[in-house]
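Structural overview for review
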Amino acid sequence: MHDSFACALVLAGGKGTRMHSEKPKVLKTLLGESMLYYVYNALRPSIGDDIFTIVGFGSEYVEEAYPEMKDKFVLQKEQLGTGHALQQGWDQIKASGLEYCLVINGDTPLVSSKAVSDFLEAVKEDGADLSFVTITPKDPCQFGRVIRNKAGQVSAIVEAKDYDESIYGPVTGEVNAGIYCLKISTVDALLGKITNENKSGEYYITDLVDLAAQCDMAVTAVDCGDSVDLMGINSPYELAKAESTLRMRISEKWLRSGVIIHNWESAVIGPLVQIEPGAELTGPCELYGKTTIASGAVVQSHVRILDSIVSENAEIKAYSHLEDAKVGPECSVGPYGRLRPGAILEEGSKIGNFVEVKKAVLGKGAKASHLSYLGDSEIGAGTNIGAGTITCNYDGKNKFKTIIGANSFIGSNTALVAPVTVGEGVLIAAGSTITKDVSDGDLGVARSRQVNISRTSQKS
Ligand code: UD1
Ligand code: CA
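From a predicted model like this one, the values you see are computed outputs, not experimental measurements. Throughout this description, residue numbers start from 1 for each chain and increase along the sequence as written. A letter from A marks each chain and a number from 1 marks each ligand, given out in the order of writing. The predicted origin of the model limits local features to residues at a pLDDT of at least 70 and limits the giving and counting of side-chain atom pairs to 80 or more, whereas totals for whole chains, interfaces and linings rest on all residues. Side-chain calculation: all heavy atoms of the structure are included, whereas hydrogens and water are not.

1. Quick notes on the site of ligand 1
Heads up, the condition is: Neighbouring residues are identified by heavy atoms, a residue being near a molecule or strand if any of them is within 4 Å of it. Residues adjacent in sequence count toward polar contacts only when both atoms are side-chain atoms; beyond that, a polar contact is any pair of N or O atoms within 3.5 Å, and within protein one must be able to donate a hydrogen and the other to accept it. The protein chains shown are the only cover counted for residues, whose accessible areas, like all others here, come from Shrake-Rupley with a 1.4 Å probe. In this text, helices come from DSSP runs of H or I with a minimum length of four residues, and strands from runs of E with a minimum of two, each type numbered from the N-terminal end. Just so you know the grouping, Ala, Val, Leu, Ile, Met, Phe, Trp, Tyr, Cys and Pro go in nonpolar, Asp, Glu, Lys and Arg go in charged, and all remaining residues, Gly too, go in polar.
Contacts to ligand 1 come from 25 residues, most closely from Gly13, Gln76, Thr82, Glu159 and Asn176. Lys25 places a side-chain nitrogen or oxygen 3.4 Å from an oxygen atom of ligand 1. Note that an oxygen atom of ligand 1 is positioned 2.8 Å from one of the backbone N or O atoms of Gly81. Burial of ligand 1 by the surrounding chains reaches 88%, relative to a free accessible area of 750 Å². Residue assignment for the shell around ligand 1 shows that the elements contributing at least two residues are strand 1 (6-12), helix 3 (82-95) and strand 10 (175-183). Here the shell around ligand 1 is built from residues that sort into nine nonpolar, 13 polar and three charged.

Now the structure itself:
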């Protein structure tokens, strides 16, 4: 539980030039959730709700994605660097009344809540004015280089661009992870002293280290070794590597809990997905958002599921696509099934290949096995929808409903022009265009009669 020792500031104002995107980098996703999602998640257990966010480039997209965090967003109109970003948020940080502020780059999605709480514990123990996390990765990339004096105390962080071996000596490999904890009352005096006199012409938050050391403040670096979880993500390649690390971890967690995953290296399971032991997946499949998969359910390869419920013993066959859908127990979908938002399949119902369902309920045991569109509909229990049946729900302006009772048989290639109601136990002749309601038990035929004309008699 958090104990109101520190607030947090997430730096998320930058563009992320190397992502070549019109949206801010921190909204780039790993397994369907944005970098910011992971950072917020890591912070919440220690920090609670006192999380401020610097937004700038593409701020409207960040607001749209996180409306619940919006009242603590601080706009950095021009992105003049991480030090400038901190300066923009400082008044609000002071107004929080807390003793410390944890500052974290928004592009560090693999950071765990444990890493955050361990860091805060270390700060609590030594009471430093400024602490930050360091790592020593195999490749120090472009990360800020950590400078220590002979006694081993940190004296500065120098950005890779500005690093001069003749001044600082050979690189040690220890770099800045971009996670800092600042004692608000003492760091206050340093903030105005950050300049932009460096190769990038930006205001660097990292200058605080040198400034604090010069004022004999207590500066500590918490060394986290070669932890890949603390590496910032700046390029598509780094994003892919982090996503792959996370993907393996999540699949491994489900495998250990009793989920069977074939080709587990290629299964993609988002962090919010829940899967019961005894469910069976075949990679490559993609499960995103708040999807849940119950015990005994089977998800075959090349299936993509977003925010949907798959109940016990249901089978989602290859190449199916589900979004905001609910699949009941013992149901079967696909191959090549498409469930769009609001599709509800009740127990034992079946959607076959090339059937699209939107905002429609299929009652218990109902079947649409081939090539259909069922939108804005209610299909009664036990009803069979013949191949090629279409609910014509849209007149170009408005959408209308089609209601079909239980145990009816809709012949192949039927067009149901909504609004229309077909009763229980009805038989609709194949090829009908149904524009009028059909009463319980009736036969509906709406097609012209076939006429066969002899071709030989015509010729003479
Ligand atoms: C930064 C550190 C570097 C460290 C690395 C760790 C500085 C100067 N350098 O470099 O020492 O090793 O992180 O990953 O801080 N941002 C803003 N406003 C701005 C600029 C950036 O909010 O004006 C945000 C970005 O959205 C990003 C974060 O700050 O989430 C870090 O910025 P970025 O440009 O990625 O810094 P690095 O060059 O990676
Ligand atoms: Ca970065």
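Picking up where we left off.
2. So, the pattern of salt bridges
Put simply, the test is: Salt bridge, as used here, is a side-chain nitrogen of Lys or Arg placed within 4 Å of a carboxyl oxygen of Asp or Glu. Only protein chains enter the calculation, and the probe is 1.4 Å; a residue is then buried if its accessible area is under 20% of its type maximum, exposed if over 50%, and partly exposed in between.
Following the criterion strictly, the structure yields 10 salt bridges and no others. Residue Lys124 pairs with Glu121 through a salt bridge whose shortest N-O separation is 3.9 Å. Taken together, the residues span about one helical turn, with Lys124 and Glu121 both in helix 4 (residues 113-126) at a distance of three residues. Judged by relative accessible area, which is 37%, Lys124 ranks as partly exposed. Among the salt bridges present, the one from Arg340 reaches Glu356, with a minimum N-O distance of 2.6 Å. Of this pair, Arg340 sits in the loop between strand 25 (338-339) and strand 26 (343-345) while Glu356 sits in strand 27 (residues 350-362); the two residues are 16 residues apart in sequence, bridging distant segments of the chain. Residue Glu356 is classed as partly exposed on the basis of its relative accessible area of 23%.

3. Quick look at the coordination of the calcium ion (ligand 2)
Put simply, the rule is: Here the coordinating atoms are restricted to nitrogen, oxygen and sulfur within 2.8 Å of the metal centre, or 3.2 Å for Na, K and Ca, and because water is not among them the sites may look incomplete.
For the calcium ion (ligand 2), every protein donor is listed as Asp107 (OD) and Asn234 (OD1), and the spread of their distances is 2.2 to 2.4 Å. One end of the pair, Asp107, is in the loop between strand 6 (100-105) and helix 4; the other, Asn234, is in the loop between strand 11 (219-223) and helix 8 (236-257), with 127 residues separating them in the sequence. Judged by its relative accessible area of 17%, Asn234 is buried.

4. A closer look at the domain arrangement of the protein
Our working rule: Segmentation into domains, and thus their bounds, comes from an automatic or database assignment. Contacts between residues were defined by any pair of non-hydrogen atoms, one from each residue, lying within 4.5 Å. Summed over both partners, the accessible surface that disappears when two parts come together, traced with a 1.4 Å probe, is what is meant by buried area.
Here the protein is described as being made up of domain 1 (6-230) and domain 2 (236-444). Using C-alpha coordinates to define each centre, domain 1 is positioned 45 Å away from domain 2. Listed as interface residues are 14 residues of domain 1 and, on the opposing side, 16 residues of domain 2. In this assembly, domain 1 packs against domain 2 so that about 1200 Å² is buried in total across both faces, 73% of it on carbon and sulfur atoms. Contact with domain 2 buries area across many residues of domain 1, yet Leu30, Leu31 and Leu110 alone supply 47% of it, more than any other trio. One can count one salt bridge joining domain 1 with domain 2. Salt-bridge contacts for Arg249 lead to Asp229; the nearest nitrogen and oxygen are separated by 2.8 Å. The interface formed by domain 1 and domain 2 holds two residue pairs in polar contact (both at pLDDT 80 or more) in total. In terms of residue count, helix 1 (residues 35-47) provides more of the side of domain 1 that touches domain 2 than any other element does, three residues in total. Its residues assigned to classes, the side of domain 1 that touches domain 2 shows eight nonpolar, two polar and four charged.

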